[in-house]
Amino acid sequence: MIQDYSYDKIAVSSFQKPKNGNDLCGDSFYVTETRDYFICAVADGLGSGSMARTASQAAVNAVEQNHHLDVEELMKVCNEELKGTRGAVLSIFKIDFRQEAVIYAGVGNIRFMMAGKDRKLIYPLPTVGFLSGKPQKFRIQQFPFDNQTAFIIYSDGMEIHTQSRSILTNMVSPKESAAYFGNLSQKLIDDATCLVGKVSHA
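Computed from a predicted structure; not experimentally measured.

**Section: the overall build of the chain**
(1) Moving on: Counting secondary structure elements, the chain contains four helices and eleven strands.
(2) Moving on: Relative to its length of 202 residues, the chain is compact, with a C-alpha radius of gyration of 16 Å against a globular reference of 17 Å.
(3) Moving on: If one aligns the C-alpha atoms of the chain with their principal axes, the spans along those axes are about 40 × 35 × 25 Å.
(4) Moving on: By sequence separation, contacts in the chain at least 24 residues apart represent 67% of the contacts at least 6 residues apart.
(5) Moving on: Surface exposure of the chain reaches about 9,500 Å², of which carbon and sulfur atoms provide 49%.
(6) Moving on: For the chain, the separation between the mean place of its 21 positive charges and that of its 22 negative charges on side chains is 4 Å.

Here it is in structure tokens:
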């Protein structure tokens, strides 16, 4: 299923599909834009099915309710919310329009890549592990943002590593890119989520 989100400054399209044989996707995501920033969170609940969905949804609900917090505080809040659940991997990034910066943190195997007008790929590495309420330190990374920045963020159910770099540096539109990735993901051995975004207005 593909969804489009058109904000004042960022255009985003998403593709999401449960693994073959499942009705419920164990991945969840949240995106929104305010006057000062754009924020995106992708969570993948451990395993699959309803318990995985419950965990991933707990994380993104925490982001939705607290997205005004900085990224490090958000990661802490999400970790607390995951107590008593199966646990989840999580990546959050915030594009701060005032600072002209992208602030990122991730735990687990959700991949995030971005590129600006110089077309140089930025691929921050997440921390190994998952969130389940246990004490955790988070590595916060910051990168420059410009008026041609594009990004891709996806869960491990998407086998698009080879194509993602080319799509990112030659992106026509998020909608076309999400549809392309969706067509590649016909037989899934895991839940799959992919969000593609690009600056629409500087």
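**So, the state of the cysteines**
(1) Moving on: All told, the structure shown has zero disulfides when counted by the stated rule.
(2) Moving on: Cysteine Cys40 shares no disulfide, and the gap to the nearest cysteine sulfur, in Cys194, comes to 10 Å.
(3) Moving on: We classify Cys40 as buried; its relative accessible area is 1%.
(4) Moving on: Using a relative accessible area of 0% as the deciding quantity, one classes Cys194 as buried.

Conventions we followed
- Residues numbered from 1 in each chain as written.
- Predicted model: local features only at pLDDT ≥ 70, side-chain atom pairs only at ≥ 80, totals over all residues.
- Heavy atoms only, no water.
- Helix = DSSP H or I, 4+ residues; strand = E, 2+ residues; numbered from the N terminus.
- Rg over C-alpha atoms; globule rule 2.2 N^0.38 Å.
- Contact = heavy atoms within 4.5 Å.
- Areas by Shrake-Rupley, 256 points an atom, 1.4 Å probe, with all protein chains shown as cover.
- Lys, Arg positive; Asp, Glu negative; His and termini not counted.
- Charge placed at Lys NZ, Arg CZ, Asp CG, Glu CD.
- Disulfide = S-S within 2.5 Å.
- Buried < 20%, exposed > 50% of the residue type's maximum accessible area, 1.4 Å probe, protein only.

Coordinates in, geometry out; function isn't part of it.
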